[in-house]
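Architecture and fold: a report
Here is what each chain is made of, one letter per residue.
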Amino acid sequence: MTVHDTAFSRRSILKVGAGLAIGVYIARGGKALAQTPPAAADVNIAPNTFLIIKPDDTVTVLCKHIEFGQGPFTGMATLVAEELDADWSQMRADHAPSNPVLYKNLLFGVQGTGGSSAIANSYEQMRKVGAAARAMLVSAAADEWKVPASEITVENGVIKHRSGKEGRFGAFAEKAMRQPVPADPKLKDPSTFKLIGKEGVVKRLDSAIKSNGSAQYTLDINDPDTLTALIARSPRFGGTVASFDAAAALAVPGVVDVKQVPNGVAVYAKGFWPAKTARDLLKITWNDSKAESRGTPQLLTEFRTLSKAPGKTVKQEGDVDAAIAKGGRLVEAEYVFPYLAHAPMEPLNAFMKWEGDTASARFGSQFPTPDHAAIAKVLGIGIDKVHLQTILAGGSFGRRAQQSTHVALELAEVVKAAGPGKPVKLVWTREDDMRGGYYRPFGIHRMRGVVRDGKIEAWSDTIVGQSIMKGSAFEAITFKDGLDSTAYEGSHDIPYEVPNFKCDLHQVDVGIPVLWWRSVGHTHTGYAVEAFVDELLQAAGQDPVEGRLAMMGKSPRHAGVLNAVAALADWKGAKIQSGRARGVAVVESFGTYVAQVVELSMGEEGPIVHQVWCAVDCGVAVNPDIIRAQMEGGIGFGLGHILYAEQTVDEGRPVAGNFDAYRSLRINEMPKIDVTIVASTEKPTGVGEPGVPPIGPAVANAMAKLGLARPRQLPIVQGAST
Amino acid sequence: MAAFTLKINSQNHQVDVDPNTPLLWAIRDNVGLTGTKYGCGVAQCGACTVYVDGQTVRSCSLPVSAIGRKEITTIEGLNSKEGAAVQKAWVALDVPQCGYCQSGQIMSAAALLGLNPKPTDRDIDLAMNGNICRCAAYVRIRAAIHGAAKSLEG
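Owing to the predicted nature of the structure, the values given are computational and were not obtained by experimental measurement.

**Digging into the domain arrangement of chain A**
Residue and element names in this part refer to chain A. Its domain assignment divides chain A into domain 1 (3-192), domain 2 (219-289 + 348-427) and domain 3 (309-340 + 438-705). Summarising the inter-unit geometry, the C-alpha centres of domain 1 and domain 3 are found 40 Å apart. With 13 residues of domain 1 in contact, the opposing surface of domain 3 contributes 14 residues. Within the side of domain 1 that touches domain 3, the residues separate by chemical class into five nonpolar, eight polar and no charged.

**Description of the interface of chain B and chain A**
Between chain B and chain A, the contact holds 46 residues from the first and 49 residues from the second. Looking at the side of chain B that touches chain A, the elements with two or more residues in it are helix H1 (23-31), helix H2 (81-92), helix H3 (102-115), helix H4 (121-128) and helix H5 (138-153) of chain B. For the side of chain B that touches chain A, the element with the most residues is H5 of chain B, which contributes four residues.

**Regarding the packing of helix H17 (residues 624-644) of chain A against helix H18 (residues 695-705) of chain A**
Residue and element names in this part refer to chain A. Closest axis-to-axis distance for the H17/H18 pair is 8 Å, and the angle between their directions is 55°. Between H17 and H18, the angle falls in the class oblique. Here H17 contributes Ile635, Gly638, Leu639 and Ile642 to the contact with H18, which in turn contributes Ile695, Gly696 and Val699. Residue composition of the contact of H17 with H18, grouped by class: five nonpolar, two polar and no charged.

**Quick notes on the nonpolar core**
Grouped together as the largest cluster of nonpolar side chains are 277 residues, with contacts concentrated most on Ala229 and Val616 of chain A. If we ignore the near neighbours within four places in the chain, the residues touching valine 616 of chain A are Val561, Thr592, Val594, Ile627, Met631, Val675, Ile677, Val678 and Val687 of chain A.

**Description of the sheet that holds strand E11 (residues 255-261) of chain A**
All names here are of chain A. The strand order E11-E12-E9-E19-E16-E17-E18 describes an open sheet built from seven strands, whose pairing is mixed. Each end of this open sheet is capped by a strand with a single partner; those strands are E11 and strand E18 (386-390). Between one strand and the next, the sheet's axes are offset by a mean angle of 20°, whatever the strand orientation. Sheet analysis places strand E9 (residues 227-232) next to strand E19 (residues 424-427), joined by three bridges and oriented parallel. Looking at E19, one finds that threonine 228 is bridged to lysine 425. Against the sheet, helix H11 (residues 406-418) makes contact with E9, E11, strand E12 (264-269), strand E16 (349-354), strand E17 (359-363) and E19, and its axis sits at roughly 40° relative to E16, the strand it touches most.

**Thoughts on the confidence of the model for chain B**
A residue-level look at chain B finds 100% of positions with pLDDT of 70 or above and a mean pLDDT of 98. Two numbers describe this predicted complex: its pTM, 0.94, and its ipTM, 0.98.

**Looking at helix H14 (residues 522-539) of chain A**
Taking 1.5 Å of rise per residue, 18 residues should cover 26 Å, and H14 of chain A covers 25 Å from first to last C-alpha, within 8% of that figure. Of all 18 residues in H14 of chain A, 16 are buried, a share of seventy percent or more.

**Looking at the pairing of E17 of chain A**
Residue and element names in this part refer to chain A. The element E17 is extensively covered by neighbouring structure, given that four of its five residues are classed as buried. Connecting E16 to the next strand, E17, in antiparallel fashion are four residues, including glycine 356 with a positive phi near 95°. For the segment spanning E17, helix H10 (residues 368-379) and E18, crossover handedness is right-handed.

**What about the domain arrangement of chain B?**
All names here are of chain B. Domain boundaries assigned for chain B yield domain 1 (2-77) and domain 2 (81-153). The C-alpha centroid of domain 2 is placed 21 Å from the C-alpha centroid of domain 1. Facing 13 residues of domain 1, the contacting portion of domain 2 comprises eleven residues. Across the side of domain 1 that touches domain 2, the residue classes tally to six nonpolar, six polar and one charged.

**Regarding the sheet that holds strand E7 (residues 158-161) of chain A**
Residue and element names in this part refer to chain A. With antiparallel pairing, the three strands of this open sheet are ordered in space as E6-E7-E8. Each end of this open sheet is capped by a strand with a single partner; those strands are strand E6 (152-155) and strand E8 (166-168). Between one strand axis and the next, the sheet turns through 20° on average, direction left out of account. In this sheet, E7 lies alongside E6 in antiparallel orientation, the contact comprising four bridges. Bridge pairing links threonine 153 to lysine 160 in E7. Across the face of the sheet, helix H5 (residues 169-177) comes into contact with E7 and E8 while running at roughly 80° to E8.

Thresholds applied
Residues numbered from 1 in each chain as written. Chains lettered and ligands numbered in written order. Predicted model: local features only at pLDDT ≥ 70, side-chain atom pairs only at ≥ 80, totals over all residues. Domains from an automatic or database assignment. Contact = placed C-beta atoms within 7 Å. Nonpolar A, V, L, I, M, F, W, Y, C, P; charged D, E, K, R; others polar. Helix = DSSP H or I, 4+ residues; strand = E, 2+ residues; numbered from the N terminus. Axes fitted to C-alpha atoms, helices over the stretch in contact; angles between N-to-C directions. Parallel < 35°, antiparallel > 145°, perpendicular 65-115°, else oblique. Core = buried A, V, L, I, M, F, W, Y, C linked by C-beta atoms within 7 Å. Buried ≥ 20, exposed ≤ 12 C-beta atoms within 10 Å, placed from the backbone. Pairing = 2+ DSSP bridges. pLDDT = per-residue confidence, 0-100. Expected span 1.5 Å × (residues − 1). Right-handed = clockwise from strand over helix to strand, strands pointing away.

Here you go:
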């Protein structure tokens, strides 16, 4: 399934409703104009489309992807503005509402953001939106001026005719709407791009509102009479409420109600503090008969035992056992990966008002289509009676993309229990968020490799892990032969040519909910593969860069970024001097190739990473500065977790509840970072996640050059706290 | 419950709350200024940073009853020359990603420049390490503080 499978469709992209052309949606004074008034259902489901040109000349792109820092507002607007020949200063962006037809992710088939796919799936679509709107504006100007459209040019937001006539978009917007929508508008030749890939011309559209406190997140929703709801959830995963006593909680001033909901007891109050105070006073007896009772120590023992026997084969080439039997140097490594919380700065939350027969929800929904359906189902009303508007989210890292729709379900249950007519803001505390599960899975990679005559002859990787996709709507597309491909992605398709190769997986069921976490399987496979290949190359007496390149004959883009980062860092070996060493790693994820070199020394507590060099190949680079920002942030995010982060579970109860126990990278630990973007004409791929995987193994590999072992159990600094 | 008069951004606001209510929630839920964010509730992350009589404090961990007549400044009322320089530098370098921590980062950065107009990297580390950015936009936060310092030199 690729972006090219989805043909540009007038209906899905530029039209909605019966004969209602709102491809270019014109607003005057904020009020929509349309040839025919949209039917009620259309208002609910599809109030507009991708573009609003207002009389004041502003062009607002409705972004079908959630903006939580990775830059789709700016990215979508860049694609539209390029083909529209707009001036960047007139561009704006806002979130599109939920609509599975109009705003579907062309790679998913439903509306959603994930897999670093925003630019990848929208590249042609949004350019065509811009090109169509441009053609309609030109056509309108041609009518007005009574000149052939072919004689009209558009530049920096100005429509011009050689006679000297000129006008701005706002003046022609209304007339443009009455022009036919071109079915297949012509796109620019990339050599004529003025915005895409250009340095310094495009600035983020959301920087100003995020620098003065005016950006509105879900926590900031303060509609009149809004109740804040907090839920007391089971301390153990899978526990349920046996009984509860709410007398003390109800006595807290400001508390309005206490209700049992499917996953706990909800407290409703006028504001967060009374809700939190009251929740702490609830007396709840939990039924743990179906709860997970194991903890991470038990899982480690079980997983370790499993890893010593082969799992179900994912990929096999040659004969690893025969190659080992032939002799040479056998290298073995066991890597243990902890549960990781996403811990975005804004803990989970959601808002909705239910009127009995209709409902209106607003929150940072990363998967609007399933969230929308979940809300409608709980409330027992049609999807067309539920309006869902995605708004800015304070980070996610995968946490708000829920195949289980658990937050949407919880929101709907809490609102339903409160009764109609009461706006409710469901708020998770930091502790709720940290202890709420949906972690990067705990797991093990057991590696074996043979080096003979300076070459890697055999490679085997036995993975033990929990499936992220099992039981979800994504199982159908991510499972292969009964196995979750996201548990081994990156391990079965290593970029190195090794004659005898095996990758197998033990897929284990655990009652601790897990979820994709920024770069998904690559969070652990990237580490296992890149730390291990480095160890084998060391055993073979080869340079980490040269040795990798020698095995990358069939992986030219991996080699491309590796060469680029070696040049950027002026790589001359691992370069040990004054207590410093360098390490390298290269990982492809989501079609984007990233190589990183780190330089570090050892401090009292653990590694101090001084500098990181990063090369990225993401095909056509649409917004170079956002690509750099995502590499910088991805490196910092990856580094903080690889050094310090771990969620341990004690007999079914997650332990770390806040940043004191779940340590986050801080500014004093942030390395200097140099990023180079490899020029490419390949179709664009994403950058939200791919910066994360290489940093961990690059750190491990540099540590090895200082004579330390590559860390086998993560995080590197065990028991870190602040 | 008790009545308090909070002077926020030079305006008096009456709030009727439990005296233990953290200043953060009085500012957000009672006064309705939402630029100051909740991130941890235990003074670990700095998203709730405001000034009390010009000093940076973590408003999530300061009860309303401890404020008295002290003057509170939130991101909405940040009008010092350092504040303006920091905000301008933040936009110029496109510092924010998700943006949720940035009110707190900016309050801390502007306070730093008020005390130390030409901070070194080490000074920035010391002043800013109480503000977590989960997007790890730290490279640009550092660069923007240097940029703001430079712009104030003139």
